[in-house]
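Observations on chain architecture
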Amino acid sequence: MTGRADTGFILVHGGFHRAACWDAVLPHLAAPALAVDLPGRGDRRAAGRATLEDFVAVVTAAIDAAPFRRAVLVAHSLAGIVVPEVTRRRPDRITGLVFISATIPAEGRSALSTVPHLIRPLPWWCGRRRRATVAPRPVARWLFTNDLDAPTAARLLDQLSPESAAIGLERISWAGLSPAVRRTYVCLSRDRALPPRRQRRQIANLGVPCDVVSLDSGHDPFLSRPAELAALLNQTIRVV
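A short tour of the structure in this document, coming up. All values derive from a computational prediction rather than experimental measurement.

Moving on, we get to the packing of aromatic side chains. The final tally for this structure, using the stated rule, is three aromatic pairs. For the pair F99 and W174, a centre-to-centre distance of 6.0 Å together with 65° between the ring planes defines the contact as edge-to-face. With F99 in strand β4 (residues 94–100) and W174 in the loop between β6 (163–164) and β7 (182–188), the pair connects residues that are 75 residues apart, well separated along the chain. Overall, the relative accessible area of 0% leaves F99 in the buried class. Taking 6.3 Å as the distance between ring centres and 20° as the angle between the ring planes, the aromatic pair formed by F99 and Y185 counts as stacked. Separated by 86 residues along the polypeptide, F99 in strand β4 and Y185 in strand β7 bring together distant segments of the chain. Residues F99 and Y185 agree in their burial class; the two are buried.

Have a look at this one:
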């Protein structure tokens, strides 16, 4: 541990995204950071086989390899379901949790339980058959790019990856996590993928006190508001 900085960020992207989505945020951060690529990026077959345990293992390994002693774990969107088990495995390393429009199922429920009933059948079918899901380009454009300029939107759409559907069926538990770990939820007021009213339900599902901050952004603030998002993250470092 000698030579390590005190505290840094572990940045975990959401569904269909990649670690590169954080690139514009990194220069604005006041502490070192590692952006993690979750399993199955760019490989539809590998994505279909990926489990929540695979996701947890990758993030835990990043924490172990980080050049800082303590970490604020930052989870965007679907990465919210990775947080509980990672935090259980490294309670001595994680000092803060930041959820950016993140999926947080109620205790013992799955990520699929948080989405509208009408769109559950396809991811359920894919998950049961261990097949990856793909966001069709027009759908992804509507969900993720409503506040992005045209070049940024095009780069994002070109980088999107097939995603594991199986992880959406796995049940999530917050049992055993210390309520002393500071939690912050970043609400995105222009988000189409997880609209504000559904974000408020995710916050309620945490079941413990949580700081709530708002950002005037669509689903991908690391692309549309990188400096503003970094400022919010920097604040979490100062208060943990």
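Right, picking up where we left off after that structure.
We now examine unusual backbone geometry. Positive phi values are uncommon outside glycine, yet F16 reaches one of about 70°. Of note in the backbone geometry, S101 takes a positive phi value of approximately 40° without being a glycine. Following the sequence through the fold, S101 ends up in the loop between β4 and α4 (121–128). For S101, a relative accessible area of 1% gives the class buried.

Cut-off values and rules
- Residues numbered from 1 in each chain as written.
- Predicted model: local features only at pLDDT ≥ 70, side-chain atom pairs only at ≥ 80, totals over all residues.
- Heavy atoms only, no water.
- Phe/Tyr/Trp six-rings, centres within 6.5 Å; stacked < 30°, edge-to-face > 60°.
- Helix = DSSP H or I, 4+ residues; strand = E, 2+ residues; numbered from the N terminus.
- Buried < 20%, exposed > 50% of the residue type's maximum accessible area, 1.4 Å probe, protein only.

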